[in-house]
Each structure stands twice: as C-alpha cells, then as structure tokens.
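Chain and residue survey
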Amino acid sequence: MADMTAPMAPVDTIARAYLADVRRKRMYGGILLVLFIAMMASGFRLANERNAGGFWDGLPQIFDFPSEVVSEAWEKAALLPALFVKFSPSLIETVNIAAVSTMIGALLAVLLALVSTRGLARWPALIGLFRRAMDGMRAMPEIVIALVLIYILGGGPVPAMIAIAFHTAGALGKLFSEVAENADLKPVEGLSSVGAGWLQRMWLGVIPQVAPNWISYGLLRFEINIRASAILGFVGSGGIGYDLKLAMQWGQGRYDQVVAIFILLFATIVFFDQISGYLRNRLSKGQSNGHG
Amino acid sequence: MAMANLEMAPVQRDMLAIFRRKRLTAISVPVVIFAYLTYIFIAFDVAGLASRARMDNVGVLLSDFWSYKTHVTRDNRSGDVSVAIEGENKGTYPAGKLPDWVSQSEGQTLIDLGQGHRVVFQGLRADYTLPDYGVIGLALAGGKVQLTTPDGAVPDWINASDTRVTVKTAQGRLSFTRSRTEVFRYQAGWELFFFTLDSPFHGKSITSLAAMALWGDRVDPLRSNLGYMVSEFWTNKMWRHGDVVWALFETVLMAFLGTMGAAIVALPLAFLAARNFTSFGVVRQAMRRVFDFVRGVDGLIWTIILSRAFGPGPMTGALAILVTDTGSFGKMFSEALENVDERQIEGVGSTGANSLQRARFGVFPQIIPILLSQVLYYLESNTRSATVIGAIVGGGIGLLLTQAIITQKDWEEVSYYIVLIILMVMAMDSLSGWLRSKLIGKRG
C-alpha cells in the first residue's frame, strides 16, 4: 500500500521535501567550508607564530637566496661543466640507491602481496597479520630507519637503501595486493586442478596477469624513491644529497656547487620521470590492446 | 598428410621462434638484475660493511629500548657520592632520598646490584663481590689503579690498565679511574616516564595515585591533585611530553597546511592547463611546464630555498610541501578536468548558466570526489614527508628525532619518538580513509 501512495503524493510535497534536502545539504556544506577555513586560518597563524621568520617578512626575501646563488654561479659559469663531472659519481649513487631499493622493495612486496590477498594466500589465517605488517612498514618514515642504521652501520649508501626498501615493500605490497585481488582466479584453479603447487600457481597463474600493473606501480615508486634518496642523503649520508648539504654548510663561495647539484638533481628527476611515464603509458596501452 | 605438414611448418616455425624469444627474455631478465646487484654489491661496498658495522651499538640500542641505567658515582677528588638516572642532572636523586638498593653509612656506600652482586665504596677503594667468584678489589695507590682478583688472573670481562679498570657483569658495570668510581645498574622500563624525582607523585603506585587524585588531600593547596599530576606529567623534564606533543602537532600542521594550501592554489591553475577549458595553447603549455618544473625541482631544493627566506620553523615546512605538491596536484587535477563528461556541462549550459555556474554545477560534482581522494591520500603521505622536512627546516618531531639521535645516548627517547611517529602516521592514515569514506562514499 505504501508503494502505491508514494507516486500519488502531491507535487508540492515532493518539491518541499527536495528543497529541504537541498537546504540541508547546503548547510552541511557551508558548515564544513567554514570549519575548513577556520582551521586553515588558525593553522596558518599558529605556524607563523612558531616560525623563526614570519610569512609576510619572508615573502619579499623569497628570491634573495636564489638570486644570490645564481649570480655567484653565473660568475663562475665556466666551472660548471667540471662540477657536473665532479658530482656525477654521487648522482649515480643516489640513482642506484633508488633503483636497488625499489627492486628489493618490490620483490618483498610481491611476496607480501601474494600472502595477504584473499583467494591467493598461502596461509589464509595469516592474511590479517601480513596486512598489519605492511601497514607498519608503510607507516615507518624512511628517515627513522635511516638514522638508526647510520648509527649502527656508519655512513654510506646502505642505510638509505635499506630504509627506502623497507618502506617501499609496505607501500607497494598494499598496491600489489589490490591489483592481485582483481586477478582472474580461473587460471589458478586450472593450475591447481593439474596438481600445481602454490608457487607454480602464483608464478604461472597470477603473475602474468598482474605483471603490467605491478611494473607500472613499481616505476611510479622509482620516481618517488629518487626524491627520497636525495633527501635522505641530505639528512643522513650518501649520494648527492650529502654533497648538497656540505656545499650549503660552506655557504658563500661554494654556491656554484649548489647550483651544479640543483641542476643535476632537477635534470635527473625530470629525465627519470619522463622515461617512467613513457614506459607506464606503453604498459597501460599494451594492456588495453590485449583486453580489447 | 604431407600437405598438412607443409602448411603447419611456418606456423610451427613461428611458434618455436616465439618460444625461443620468450625463453631468452626469461633468462636474460634475471641475469641482468643479478649483474646489476653484483655491481651494487661492489659499488656500495657491502662486503666491507660487516667490518664497519658496530655491533656493540646494536647492543646499546636494544638494551636502551627496554631498559635504563642508574649511575652511582663517587667523585674520587671530593669524595661525594651521587646517584643519577642515566647520569643526568635532571635524574639525580636528592641527598637522603636514595633508592633502596643504595645505602650509605660512615663514609661507606653499599650498592646492591641484585643476585648477590654487591659493590662497596670506601675511601679510595671499591670492592665488587660476585657470588661464585669472590671479591674484586680496586684501589688507587700512587696515582695508579690497582686490581686484585681472587685467583690473581684477569678474566676477559675485566678490562684493566694503570689508569682505568672496567668490570662488566650481567648485573651491571663498575669502572674505576683516578678521578671517579662509577657503578651502572640496568633496570627494565623507561624510568621517570610519568613523574621525575622532584615531583611529589614520583614512586607512587597507580592505585595510590588514583586515590590521591580522587579523594586524597591536596598536595598543593592551590590546585586539585589531578590537575597537579597532569601538569607534572606534561612538564616532565626527562621526557618533555608537552614539547613532544607540540612537535607532533606541528608536524601534522605542516602536512595539513601544505596539502590543503597546495590544493587551493592548484585548482584554479589546473583549469588553465586543461585542454577543454583553456583554448590558448600557449597558456596551457606554459602552465604545464610550470607544473613540471615545480615537481622536478622537488621538495628538497624547495625546502632549502624557502628556509633561507622564512627561517626555521613549521611555516617553512608547510610552504615547502605546498610548493612541491602544487606541481603534483596541478598535473593530476588538470588530467581529471580533461576527463570530465562534456554532456553534463552542456546540460547545465542549456539552462542558461554562465561559465561560473557551469563550473559549479557541471564540472565540480564530477571532479570533487577524484580531487578529494587524491588530496586525502597526499595528506597521509605528507605527514611522513613532514617528518623528514621537519628535520631539515628545524620543526616538529623530525627535529626532536634527529637531535636525540645525534647525541647518541638517549636511545629510549629515540624509541619513544619512533613509536609516536608511527602512531601518528597510522592515525593520519585512518583519518584520511575515514574522511574519504564519509565525504565521497566507499568506492571500489
């Protein structure tokens, strides 16, 4: 009966209900907006108070340092090519840290993803445990592991590498597992019906399906890890970040080195972003062709 | 049959070629990876790592994570004996209120290390009694430290020279030099975590604290016991809980201001970079190059440049995140704008809406969910970045962490900060997930 009466309700009742609904939505939206603006404004004021230099005082000076650095580098422009050569070993080290940690992290992530995906897991009872482990690995900022490892292992690239790999394993593991959840289980069933073991089912039934997506995520992570490896060098040791820190500490007189490192870092990041973007495009295109 | 074989031959040949190629890639990829890893093994000097690694530091780290040490020190010049947790001024026991395992009488100090291990300081002598071994005697004579052991031999857990003798046992450590005699006792836990020694609440059990808070007489007549306790905890000089909470808050503030600020700046710029909203190719290309440039320069360089202009502090960190993410958001937002459904905008336009109204009712409802989920994802990831950036600009928990690590002694504080950082990131993760499901509904 209720179903019968509903369409017969007078039009103005519906209109009133609709308008009331819209008003309520607008009010909620408005309250959220006011709340957001209040949070931004008070946050800005608070951050401004706790900063050594104020925002409005600093704003006119924002180009002072860049212009000082560039003008000094301009005078010594002839030295720049030699500096590029000088810093290229540490640049290569930074890229190597990113590459190795992405590789090791991705390998760990594959294992973690496979044991924490429903329908694929080797030990279904432990899925929750492995997921929490990945959450913990993801939550651990690289700087924490890197600084503790520097205390134990001394300087050099290895602490940064382990730190980034650890975080990468957690971050990629989650993404990999989301991809694997959508994998078609028919090949896996087919393989198990002919007596394949767990490793064989994964290697032959799951990995070929998910590999393009996984590689694509891995490349994206590589872009992120190059930046992370540069910044860890600055805070800890190893790679071009460390050279940058030394040059910055020296200050005036070494700004040509600062500029050289800035240029190298910028060029490297853009270069690898482009390559990885191109490869990821090809992977996603190849995949859609395969499905279409 | 012969005909069929002839027709099959090219197909078979192709198939075999494909198999060969696949097998080759299947072998060459691992070989290349292995070769690269070998090169890294040599380039990073992983073999030499074993010799450089300081495993004794691991021991220090692990034991500090779950235990603390108390120093009993006798100044051999003045003869004063002091008992201090971690040897710090802030943790020094006031005279007459020593822990129950240290007792003093007539110039003699008796230290009970547990399990029958005892150390007695008397004048310029120290005697360490071990239950199954005997008495190790240390004395200062003629400016030299003299060691006597029960059997005359020096076991490997005693490190002896003319100027310094160190005895290490499972129960503690005794070191003796010309200027001072010192005993370390290790105990489990993070001492003084709640109240420092000078606080009236130190050393009380939870039940007696609860009783004091609920119906006990006021310790300080001016305020309630509970308020006093909270303030004593908040201003704890050893652990500085108040400062730590502020630092955590500063880190979250940096991430919040930076992420939201970047989204606010990037949204209008993204319209300029989207093909279907900006017909001027020059503007579009210029905007995109700006996004690429800002992203390429990267947070590290922005942080350095900005900290020169704004000085150390959370504002600088927030601005560094803001600038870097403006590039990323601009790129992602403009891609989202290029993928909007034109029909909806046309529909709104057909009712006579102007361009602002078309954007409000035709475009925003389509892109808001995508933008929000990206912004919230970045909010969580920027909490982690803010920890690192804080270490560079000198703000937030990143600064406290690096300071505690650089001093290389307060590892229990380091572990405290690490636990808090992980909890903070996990909390931000759940918060952003919760907000996402509240604001745009569960999808996928």
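Conventions we followed
- Residues numbered from 1 in each chain as written.
- Chains lettered and ligands numbered in written order.
- Predicted model: local features only at pLDDT ≥ 70, side-chain atom pairs only at ≥ 80, totals over all residues.
- Heavy atoms only, no water.
- Helix = DSSP H or I, 4+ residues; strand = E, 2+ residues; numbered from the N terminus.
- Buried < 20%, exposed > 50% of the residue type's maximum accessible area, 1.4 Å probe, protein only.
- Areas by Shrake-Rupley, 256 points an atom, 1.4 Å probe, with all protein chains shown as cover.
- Lys, Arg positive; Asp, Glu negative; His and termini not counted.
- Charge placed at Lys NZ, Arg CZ, Asp CG, Glu CD.
- Domains from an automatic or database assignment.
- Core = buried A, V, L, I, M, F, W, Y, C linked by side-chain atoms within 4.5 Å.
- Contact = heavy atoms within 4.5 Å.
- Pairing = 2+ DSSP bridges.
- Axes fitted to C-alpha atoms, helices over the stretch in contact; angles between N-to-C directions.
- Buried area = accessible area lost by both parts, 1.4 Å probe.
- Salt bridge = Lys/Arg side-chain N within 4 Å of Asp/Glu carboxyl O.
- Polar contact = N/O pair within 3.5 Å; in protein donor to acceptor, adjacent residues only side chain to side chain.
- Phe/Tyr/Trp six-rings, centres within 6.5 Å; stacked < 30°, edge-to-face > 60°.
- Parallel < 35°, antiparallel > 145°, perpendicular 65-115°, else oblique.
- Nonpolar A, V, L, I, M, F, W, Y, C, P; charged D, E, K, R; others polar.
- Left-handed = near helix turned anticlockwise from the far one by under 90°.
- Expected span 1.5 Å × (residues − 1).
- Bend = angle between axes of the 7 residues up to and from the residue.

Here we take up the overall build of chain A. Each helix and strand in chain A was counted, giving 12 helices and 0 strands. For chain A, the sequential pattern of α-helices and β-strands runs α-α-α-α-α-α-α-α-α-α-α-α. Expressed along its principal axes, the backbone C-alpha trace of chain A runs to roughly 85 × 65 × 40 Å. When the 292 residues of chain A are sorted by exposure, 45% land in the buried category. Put simply, chain A shows about 15600 Å² of open surface, and 68% of that area lies on carbon and sulfur atoms. Of the charged side chains in chain A, 24 are positive and 20 negative; the average position of the first set lies 8 Å away from that of the second.

To continue, consider the domain arrangement of chain B. In terms of domains, chain B is made up of domain 1 (70-187) and domain 2 (241-440). Taking only C-alpha atoms, the centre of domain 1 of chain B and the centre of domain 2 of chain B are 56 Å apart.

For the rest of this paragraph, the subject is the nonpolar core. The biggest cluster of nonpolar side chains holds 111 residues, and the ones touching the most others in it are A:Leu244, B:Ile397 and B:Leu401. With residues up to four places along the chain from it excluded, the contact list for B:Leu401 reads A:Val144, A:Leu147, B:Val414, B:Tyr417, B:Ile418 and B:Ile421. Listed in part, the 37 residues of the second largest apolar core include B:Phe256, B:Phe310, B:Leu337 and B:Ile345.

This part takes up unusual backbone geometry. Positive phi, close to 55°, is recorded for B:Asp45, a residue that is not glycine. By secondary structure assignment, the location of B:Asp45 is in the loop between helix 1 (2-43) and helix 2 (46-52).

All names here are of chain B. In spatial order, the strands read 3-4-5-6-7-8; together these 6 strands make up an open sheet with antiparallel pairing. Each edge of the open sheet is held by one strand with a lone partner, namely strand 3 (102-105) and strand 8 (144-148). On average, each strand axis in the sheet is tilted by 15° relative to the strand beside it, whichever way the strands run. Here strand 5 (residues 117-122) runs beside strand 6 (residues 125-130); their pairing, made up of 5 bridges, is antiparallel. Looking at the pairing, Gln122 lines up with Arg125 of strand 6.

The subject of this paragraph is the interface of chain B and chain A. The partner chain A presents 60 residues to the 60 residues of chain B that form the contact. In this assembly, chain B packs against chain A so that about 5600 Å² is buried in total across both faces, 76% of it on carbon and sulfur atoms. When the buried surface of chain B facing chain A is broken down by residue, B:Phe44, B:Phe310 and B:Met315 rank first, second and third, together holding 13% of it. Along the contact surface separating chain B from chain A lie 4 salt bridges. Counting across the chain B and chain A interface gives 14 residue pairs in polar contact (both at pLDDT 80 or more).

The next point concerns the packing of aromatic side chains. Within the structure shown, the criterion is met by 21 aromatic pairs over all chains. Geometrically, the ring pair formed by A:Phe36 and B:Phe256 is edge-to-face, given 6.3 Å between the ring centres and 70° between the ring planes. Placement of A:Phe36 in helix 2 (residues 11-50) and of B:Phe256 in helix 6 (residues 241-273) is noted, with the two residues assigned to different chains. By relative accessible area, A:Phe36 is classed as partly exposed at 24%.

Another point: the sheet that holds strand 9 (residues 158-160) of chain B. Residue and element names in this part refer to chain B. Here we have 6 strands laid out as an open sheet, ordered 2-1-12-11-10-9, and antiparallel in their pairing. The open sheet has two edge strands, strand 2 (81-85) and strand 9, and neither has a second partner. Ignoring which end each strand starts from, the neighbouring axes of this sheet average 10° apart.

So, on to the domain arrangement of chain A. By the assigned domains, chain A splits into domain 1 (2-57) and domain 2 (67-291). Here the C-alpha centroids of domain 1 of chain A and domain 2 of chain A sit 40 Å apart.

Quick look at the packing of helix 6 of chain B against helix 7 (residues 281-310) of chain B now. Residues and elements named next belong to chain B. Packing of helix 6 against helix 7 leaves a shortest axis separation of 7 Å and a crossing angle of 135°. Taken together, the axes of helix 6 and helix 7 lie oblique to each other. Between helix 6 and helix 7, the contacting residues are Leu269, Ala270, Leu272 and Ala273 on the first element and Val283, Arg284, Met287, Arg288 and Phe291 on the second. Taken together, the residues of the contact of helix 6 with helix 7 break down into 7 nonpolar, no polar and 2 charged.

All names here are of chain A. Running from N to C, helix 5 (residues 80-115) and helix 10 (residues 198-235) cross one another at 145°; their axes reach a closest spacing of 8 Å. The way helix 5 lies across helix 10 gives a crossing that is right-handed. Facing Thr94, Val95, Ile97, Ala98, Ala99, Ser101, Thr102, Val110, Leu114 and Val115 of helix 5, the residues of helix 10 in contact are Trp198, Met202, Val206, Ile207, Trp214, Gly218, Arg221, Phe222, Asn225, Ile226, Ser229 and Ala230. Here the contact of helix 5 with helix 10 is built from residues that sort into 15 nonpolar, 6 polar and 1 charged.

Here helix 7 of chain B spans only 36 Å end to end across 30 residues, well under the 44 Å set by a 1.5 Å rise per residue. Of all the bends in helix 7 of chain B, the greatest measures close to 85° and is centred on B:Asp298.

The next thing to look at is the pairing of strand 10 (residues 164-168) of chain B. All names here are of chain B. Bridging between strand 9 and strand 10 involves 3 bridges; their strand directions are antiparallel. Paired with Ala160 across the strands is Val165, a residue of strand 10. With antiparallel pairing between neighbouring strands as the criterion, strand 9 and strand 10 make up a hairpin whose turn holds 3 residues. By the bridge criterion, 5 bridges tie strand 10 to strand 11 (residues 172-177) in an arrangement that is antiparallel. Its bridge partner being in strand 11, Val165 is matched across the sheet by Phe176. Linking two consecutive strands that pair antiparallel, namely strand 10 and strand 11, is a turn of 3 residues.

Summarising the element assignment, A:Tyr151 is placed in helix 7 (residues 142-153). A:Tyr151 gets classed as buried once you look at its relative accessible area, which sits at 10%. Along the backbone, A:Tyr151 and A:Ile62 are 89 residues apart, and their C-alpha atoms lie at a distance of 36 Å. Within the local environment of A:Tyr151, its side chain forms a polar contact with the side chain of B:Trp411, the two groups lying 3.5 Å apart.

All right, on to the pattern of salt bridges then. According to the stated counting rule, one finds 25 salt bridges over all chains in the structure shown. Salt-bridge contacts for A:Lys76 lead to A:Asp256; the nearest nitrogen and oxygen are separated by 3.9 Å. Linking A:Lys76 in the loop between helix 4 (64-75) and helix 5 with A:Asp256 in helix 12 (residues 255-291), this pair joins segments that are 180 residues apart in sequence. Classification of A:Lys76 by relative accessible area gives partly exposed; the value is 26%. The partner of B:Glu338 in a salt bridge is B:Arg275, and the shortest N-O contact between them spans 3.6 Å. Separated by 63 residues along the polypeptide, B:Glu338 in helix 8 (residues 314-338) and B:Arg275 in the loop between helix 6 and helix 7 bring together distant segments of the chain. Overall, the relative accessible area of 22% leaves B:Glu338 in the partly exposed class. Salt bridges here are not isolated pairs; linked through shared partners, they connect A:Arg132, A:Asp135, A:Arg138 and B:Asp429.

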